[in-house]
Structure formats: structure tokens, C-alpha cells
Protein chains: 2
Amino acid sequence: MNLEYEDFMSVLGIDLGGTKVAIAMFSESGELLKKETAALDHRTGSSVAELICDVLKGFLEIEAKDPVRAVGVSVPGISRSKSGTVWAPNIKGWEDYPLLKELQALCGTIPVSIDSDRACYILGELWQGNARGCKDAIYLSVGTGIGAGILINGNILRGSQDIAGCIGWMALDRPFKEKYTSCGCFEYHASGEGIAKVARELLASMPEYSGELRDGDPGNITAADVFNAYEKRDRLAVEVMKQCVEFWGMAVANLISLFNPEKIIFGGGVFGPGVQFISDIQQEANKWAQPISATQVSMEESGAGGNAGVIGAAYLALQSVKNI
Amino acid sequence: MNLEYEDFMSVLGIDLGGTKVAIAMFSESGELLKKETAALDHRTGSSVAELICDVLKGFLEIEAKDPVRAVGVSVPGISRSKSGTVWAPNIKGWEDYPLLKELQALCGTIPVSIDSDRACYILGELWQGNARGCKDAIYLSVGTGIGAGILINGNILRGSQDIAGCIGWMALDRPFKEKYTSCGCFEYHASGEGIAKVARELLASMPEYSGELRDGDPGNITAADVFNAYEKRDRLAVEVMKQCVEFWGMAVANLISLFNPEKIIFGGGVFGPGVQFISDIQQEANKWAQPISATQVSMEESGAGGNAGVIGAAYLALQSVKNI
């Protein structure tokens with residue numbers, strides 16, 4: 001295979017999710033040259049790394065004018081920068097998996113960098129999405145769970161042990177309730193999973209309700225069902241989304257007051273359909289946030305969309321070999 | 001005047017507060033050589049700058065073996081790094097005051113640096129207090145108001161327009177209430193002023209209460225009164241402090257989940273007497289925070305105490321001339 005490149009180097013971005021892995025090759029200027037996806041098919045432990053290596057090998061063997069100079073990896077969890085190991089709660093056996101060592105063994109002299117998915121999302125927006133040109137921007141990722149990729153003066157906020165940005169644990173509704181123990185207060189109320197949970201709780205408290213979400217087993221209600229019912233102005237769905245906007249607005253206000261960012265970008269599966277609420281979220285946030293900072297931030301949906309992970313991982317790679 | 005210095009340079013730290021200004025000279029190694037304080041005496045606008053210049057002049061004229069190489073200033077508000085102007089809500093006429101220009105005119109070739117008080121507090125702890133050796137640490141300042149000085153990978157978090165760390169605006173108690181408009185939710189409930197306000201509100205709702213805080217005009221109740229009553233286990237004071245610990249714990253939890261810091265340091269006038277609650281705050285925070293990050297943080301009272309401002313301002317000066 002021989003691709004025509006216009007640039008002087010190419011980089012690979014690997015986006016590992018809970019159910020699949022995507023690998024993409026980009027030119028230095030950001031052009032997507034090739035992308036492949038492989039399902040994890042319930043693989044666990046070292047089988048997941050073997051799958052990544054199999055696909056990666058194919059990319060490294062491409063005969064190219066401008067060969068791969070660096071590899072970046074986005075992981076759904078914690079990338080421990082000191083040890084090169086990964087904690088990924090959705091992959092069995094990845095409590096402290098030596099991913100860097102395994103990928104580096106395959107890649108030889110080509111440098112491999114690993115970071116958390118939330119860090120890669122904001123890097124993806126920085127390179128090719130709606131954070132282009134920003135130095136202080138935040139990606140709020142709302143899917144099954146909630147996380148934040150935080151860019152400060154051009155650098156990713158990683159924290160002392162690489163666990164920064166765990167905004168799903170944000171405390172927003174006193175007093176503490178036991179149900180927050182496994183996922184955090186904000187995530188409980190306002191993640192994709194949370195939207196479904198809150199709908200189920202409300203349903204149980206409204207015996208007289210006979211709308212959209214009454215059909216079938218309440219245990220099967222999903223966030224998508226709630227969004228669909230919302231489109232028809234179902235009153236339960238309207239109430240769920242009203243609560244959700246309140247939580248999103250408070251969390252965003254706290255990001256504004258603490259970080260004074262230029263931009264907050266909404267992404268993940270829920271934004272998605274959630275983008276219709278961005279102006280409501282901004283209105284709620286404006287009530288709570290430091291008032292000068294509130295006037296200095298803009299809020300947008302993701303520009304990189306579903307590719308934010310691979311794009312960000314590739315940019316992580318590019319940063320490791322170029323002074324950008 | 002001729003002081004004996006052991007070091008090769010000295011720096012000045014200026015700590016401007018709402019009612020007074022303190023100026024201190026430090027050796028490069030951090031030794032306090034001389035300190036003066038002057039009351040603002042209700043001065044406004046350029047008279048405040050004149051007072052600072054008067055005291056500063058005295059320090060600059062000291063005949064020293066190791067002359068002053070840099071000046072740092074801590075201001076109670078926003079230091080706009082691009083324009084060198086200062087917004088200080090408690091000093092009339094300082095909406096956009098050109099402090100850098102005025103001080104630099106006096107200091108000539110000696111560089112002047114200005115930053116917010118919350119930034120200087122954590123720098124003070126970094127140099128000579130309980131954040132020594134830290135790269136990721138947070139100073140939670142609780143006095144009349146609330147702010148946070150945030151150190152990330154060794155650098156101060158300033159935000160896109162120098163307004164980061166305004167944690168007094170943190171949203172912690174839904175729904176939004178009009179009373180939060182002027183100061184923010186967290187500050188309303190848990191600053192020095194907030195402790196007094198909450199005590200007054202509770203007093204009004206407890207007609208049967210006849211304890212410590214019933215005497216005199218409720219409008220005169222201060223945080224100090226509440227702490228005094230708490231020592232005697234007055235039930236109103238106990239209830240106020242219980243609520244306060246809950247808010248402090250939630251706010252600290254949010255700092256842990258977002259920043260994954262090594263250390264959180266409690267300072268300001270309220271800590272002070274509030275230090276007795278640090279273990280309770282940690283316990284409350286542990287309920288809410290990202291659980292791994294929660295195990296990685298330690299909480300301590302300020303080591304620099306009332307001198308955190310001048311020490312931090314002097315360290316700001318030192319950083320401007322030395323690569324530290």
C-alpha cells in the first residue's frame with residue numbers, strides 16, 4: 001500500500017473505548033489518512049493489548065513516503081504517567097496494565113504516549129475542533145459517565161497522580177446520599193445513565209402519569225427514551241431534563257468560577273441530543289458563576305464529534321515529537 | 001541603616017489588604033529582614049498608591065550589601081496581567097487602577113510583579129509554609145470572603161483573564177437563591193461573613209432558643225461570636241458549624257475531584273478557629289470526592305499564617321528574577 005502524503009510526518013491516534021478500539025493515521029497538518037476500528041468482543045486483560053497490537057502492526061507496516069513518527073493512545077480511565085500503566089474500570093484485568101511497555105516493544109524507536117480519554121478529547125478539539133487557538137478551554141464529556149478534559153495555559157491538567165478532571169464526582173446537592181457512593185453526585189444526576197435513573201425514580205413517584213415513558217419495563221428506560229419523549233414534550237421527560245439542565249448549569253458554573261476558561265465544549269454521547277440545551281445551561285450557569293468570568297466564556301458543542309478521541313490521541317503523539 | 005545580609009539578593013513583598021498595607025524585605029533564602037505596616041485610614045484611589053510608594057521608598061533607600069532586586073505585590077482582587085491594572089472591590093476608585101505603572105515608575109529598573117492575594121497565599125506556603133516541595137497544592141482562604149490559590153505542576157492557575165480561583169462562587173446548594181447573587185453560594189454559607197449570616201437566619205427561625213447568641217442585637221453577631229458559643233457547645237452555634245463543615249467538605253471534595261492535588265491548606269481569618277474542624281471537613285469531603293484522589297491528598301492548616309501574603313508576594317518577586 002502506498003499513500004500519497006503531502007506532509008513530512010504522520011502520526012497515529014489510538015482511541016480505546018469500553019467496547020472497541022479505533023486507530024487512525026493523520027498527516028502532520030491533521031488530514032485523516034486512514035482509520036480502522038475493531039470490536040473488543042468481551043476481550044479482557046492482555047487479549048485487549050494483543051488486539052491493539054494486531055491493528056497497530058498493520059498501520060506501522062504501511063509503506064509510506066512519510067512514515068509514522070509517533071503514536072498516541074487515549075484510554076478510558078487513568079493513565080499513570082510515572083509507571084506507564086493503565087487503570088480502565090471497563091476492561092477486566094486492567095487495574096494496573098503495563099500498556100506503555102507492550103506498545104513500546106512493538107513500536108521500537110517510535111515514541112508512544114498515553115493519556116486519559118478526557119485529556120485526549122480536549123486535545124482533539126484543540127487541534128481540529130472548537131478549541132482551536134485556545135489556551136484555556138474545557139471539554140465536558142457526558143456519556144455513560146462524566147469527565148472533563150481541562151486545558152490550562154495550553155497544557156493538560158493532569159493532577160499530582162494523573163486523576164484530575166473527575167468532574168462526575170462533583171458535589172452539587174446536599175446532603176450526601178448513599179446512592180452517590182459508586183459514581184459521584186453529578187454523574188448520578190446528569191450522565192446518560194443518570195438521566196435514565198432520574199426518569200425511573202420520577203416515574204415511581206408519579207403513579208398517575210400515563211405518558212411516553214410508562215410503557216414497558218421501567219428498568220429498561222434509557223437516556224435516548226427520555227430525549228425522544230422530551231421531543232414530544234412528555235411531562236416526565238420535561239421534568240427530568242429540567243433537573244438535568246440545573247445540574248449541568250451548576251457544574252459548568254463551578255468550572256467557570258475556578259478556571260476562568262475561554263471556552264467550554266460539550267461532547268460525549270449525551271451531547272448529541274443534549275446540544276439543544278446549551279443555551280439553557282449557559283443561563284443556569286450565569287446565575288451561579290463568578291459574574292465577570294461568566295461574561296468571558298463561550299459554550300459550544302464538540303467540533304471533533306465522535307473522532308475527538310483519535311484526533312486527540314494523534315495530537316498527543318504529534319506534541320511528543322514536535323514543539324507545539 | 002546597614003543590615004547584615006548573608007545572601008546575594010533581597011526582595012520585597014507588599015501585601016495590600018482592605019484596611020492596611022504590609023511591606024517586608026526578605027533575603028534570597030527567605031529570612032525576614034524588616035517589616036512595616038501602614039493603615040489605609042479610609043484612603044481611596046491614588047492616595048492608596050501614594051501610601052504604598054511612601055513606605056516602599058523607605059525600603060528602597062536602605063543601604064544594603066545586597067540591594068533589593070525585585071518587588072512583588074499581593075492585591076485583594078484581580079491583577080490584570082496584560083494591562084498591569086488592578087480591580088480591588090474594597091478600595092474605592094480601584095476598578096482598573098494602573099498600579100504596575102505607578103510602582104514601576106518608582107522602582108526604576110527593579111522589576112515589579114503583581115498578583116492576586118489568593119495566588120500569593122499559595123506562593124507563601126510554597127516558599128515557607130506547608131506547601132514546601134509541592135507541585136500541586138491549593139490554599140483555601142476563608143476570611144470575610146472565600147478564594148483559592150491553586151498551584152498546578154508548580155505554576156499558579158490564573159485563567160484566561162486572571163480571574164481563576166473564585167471558589168466563593170461555587171454552586172453547592174440547589175436551587176439557586178437570590179441571596180447568592182452578590183457573593184456566590186459557597187461564600188454565602190461558609191465565609192466569616194456567611195457564618196454570621198447563617199447564625200442570624202437560624203436565630204430568627206428558633207424563637208424558643210435562649211442561648212449564647214440570643215443576647216444583644218442579632219445584627220451584630222459575628223463569626224467570632226459563633227466560634228465562642230461553639231466552644232460552650234451552644235446548640236445554635238453547633239448547628240451553624242455543622243452546616244459550615246458540610247459546605248467546606250463539599251467544596252474541598254470538588255477541588256480534590258477536579259485537581260487531584262497533593263495538599264489542601266486552610267488559611268484566612270476563619271482558619272484561625274476553624275482549624276479544629278479540619279478532620280471533620282476531610283471526613284465530609286471523603287464522602288463526595290473521587291475516591292482514589294481522596295486518599296492521595298493531605299489537609300493542613302496554613303504554615304505561613306498571617307504572613308502568607310507578604311511571603312508570597314516576595315516569592316513572586318524572587319520568581320521574576322530567578323529561575324525557580
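Residues numbered from 1 in each chain as written. Chains lettered and ligands numbered in written order. Predicted model: local features only at pLDDT ≥ 70, side-chain atom pairs only at ≥ 80, totals over all residues. Heavy atoms only, no water.

**Focus: the overall build of chain A**
And then number 1: Of the regular secondary structure elements, chain A holds ten helices and 14 strands.
And then number 2: Here the C-alpha radius of gyration of chain A, 21 Å, is about what a compact globule of 324 residues would show, namely 20 Å.
And then number 3: Projecting the C-alpha coordinates of chain A onto the three principal axes gives extents of approximately 65 × 45 × 35 Å.
And then number 4: Across the 324 residues that make up chain A, the buried fraction comes to 59%.
And then number 5: One way to put it: in chain A the 28 positive side-chain charges average out to a point 3 Å from where the 40 negative ones average out. (Helix = DSSP H or I, 4+ residues; strand = E, 2+ residues; numbered from the N terminus. Rg over C-alpha atoms; globule rule 2.2 N^0.38 Å. Buried < 20%, exposed > 50% of the residue type's maximum accessible area, 1.4 Å probe, protein only. Lys, Arg positive; Asp, Glu negative; His and termini not counted. Charge placed at Lys NZ, Arg CZ, Asp CG, Glu CD.)

**Considering the interface of chain B and chain A**
And then number 1: Opposite the 45 residues of chain B that make contact, chain A presents 45 residues.
And then number 2: Its largest share of buried area at the contact with chain A, chain B owes to Arg174(B), Leu258(B) and Trp288(B), together 22% of the area lost on that side.
And then number 3: With a shortest N-O distance of 3.1 Å, Glu246(B) and Arg174(A) are connected by a salt bridge.
And then number 4: The set of elements that each furnish at least two residues to the side of chain B that touches chain A consists of β11 (146–152), α7 (235–259), α8 (278–288) and α9 (291–296) of chain B. (Contact = heavy atoms within 4.5 Å. Buried area = accessible area lost by both parts, 1.4 Å probe. Salt bridge = Lys/Arg side-chain N within 4 Å of Asp/Glu carboxyl O.)

**Some remarks on the environment of Pro76(A)**
Residue and element names in this part refer to chain A.
And then number 1: Within the fold, Pro-76 resides in the loop between β6 (68–75) and β7 (78–80).
And then number 2: Given a relative accessible area of 14%, Pro-76 falls into the buried group.
And then number 3: C-alpha of Pro-76 to C-alpha of Arg-118: the two residues are 42 residues apart in sequence and 8.1 Å apart in space.

**Looking at the confidence of the model for chain A**
Residue and element names in this part refer to chain A.
And then number 1: Summarising the model, chain A shows a mean pLDDT of 94, and 97% of its residues fall at 70 or more.
And then number 2: This stretch, residues 1–7, has a pLDDT under 50; its non-local contacts, to residues over four places away or in other chains, come to 17 contacts.
And then number 3: Reported confidences for the modelled complex are a pTM of 0.95 and an ipTM of 0.95. (pLDDT = per-residue confidence, 0-100.)

**Structural notes on the pairing of strand β9 (residues 112–116) of chain A**
Residues and elements named next belong to chain A.
And then number 1: With five of its five residues buried, β9 lies for the most part within the structure.
And then number 2: As paired strands, β6 and β9 are joined by five bridges and run parallel to one another. Within the sheet, the bridge partner assigned to Val-75 lies in β9 and is Ser-116. (Pairing = 2+ DSSP bridges.)

**With respect to the relation of the copies chain B and chain A**
And then number 1: Note on the identical chains: chain B maps onto chain A by a rotation of 180° and an axial translation of 0.0 Å, with an RMSD of 0.0 Å. With respect to symmetry, the two chain copies, as superposed, fit the operation of a two-fold axis. Residue Leu172(B) of chain B places its C-alpha closer to the rotation axis than any other residue of that unit, at 2.3 Å. (Least-squares fit on C-alpha atoms with pLDDT ≥ 70 in both.)

**Comments concerning the packing of helix α6 (residues 223–231) of chain A against helix α7 (residues 235–259) of chain A**
Residues and elements named next belong to chain A.
And then number 1: Relative to each other, α6 and α7 sit at 115°, their axes nearing to 8 Å. Relative to α7, α6 is oriented roughly perpendicular. In this structure, the crossing between α6 and α7 has a hand that is left-handed. Where α6 abuts α7, its residues Val-226, Phe-227, Ala-229 and Tyr-230 lie against Ala-237, Val-238, Val-240 and Met-241.
And then number 2: Looking at the contact of α6 with α7, its residues break down into eight nonpolar, no polar and no charged. (Axes fitted to C-alpha atoms, helices over the stretch in contact; angles between N-to-C directions. Parallel < 35°, antiparallel > 145°, perpendicular 65-115°, else oblique. Left-handed = near helix turned anticlockwise from the far one by under 90°. Nonpolar A, V, L, I, M, F, W, Y, C, P; charged D, E, K, R; others polar.)

**What to know about the side chain of Asp115(B)**
Residues and elements named next belong to chain B.
And then number 1: Mapped onto the secondary structure, Asp-115 falls in strand β9 (residues 112–116).
And then number 2: What makes Asp-115 buried here is its relative accessible area of 7%.
And then number 3: Within the structure, Asp-115 has its side chain in polar contact with the side chain of Arg-158 (distance 2.3 Å).
And then number 4: The contacts of Asp-115, once residues within four sequence positions are left out, are Val-73, Ser-74, Val-75, Ser-79, Cys-120, Arg-158 and Leu-316. (Polar contact = N/O pair within 3.5 Å; in protein donor to acceptor, adjacent residues only side chain to side chain.)

**Side note on the nonpolar core**
And then number 1: Phe186(A), Trp248(A), Phe259(A), Phe186(B), Trp248(B) and Phe259(B) are the most contacted members of the largest nonpolar core, which has 126 residues in total.
And then number 2: Other than its neighbours up to four places away in sequence, Phe259(B) contacts Leu157(A), Gly159(A), Ser160(A), Ala164(A), Leu258(A), Phe259(A), Ile138(B), Ile150(B), Ile152(B) and Leu157(B).
And then number 3: Ala38(B), Leu40(B), Leu51(B) and Leu103(B) belong to the second largest nonpolar core, which has 33 residues in total. (Core = buried A, V, L, I, M, F, W, Y, C linked by side-chain atoms within 4.5 Å.)

**Details of the pattern of salt bridges**
All names here are of chain A.
And then number 1: Counted according to the given criterion, the structure contains 24 salt bridges over all chains.
And then number 2: The residue Arg-158 makes a salt bridge to Asp-115 at a minimum N-O spacing of 2.3 Å. Of the two residues, Arg-158 is situated in the loop between β12 (155–156) and α4 (185–190) and Asp-115 in strand β9; the sequence distance between them amounts to 43 residues.
And then number 3: With relative accessibility at 32%, the residue Arg-158 sits in the partly exposed group.
And then number 4: In this structure, Glu-208 and Arg-235 form a salt bridge, with 3.2 Å as the shortest nitrogen-oxygen distance. Taken together, the residues Glu-208 in the loop between α5 (192–204) and α6 and Arg-235 in helix α7 connect sequence positions 27 residues apart.
And then number 5: Under the relative-accessibility criterion, Glu-208 is labelled exposed at 52%.
And then number 6: Under the relative-accessibility criterion, Arg-235 is labelled partly exposed at 46%.

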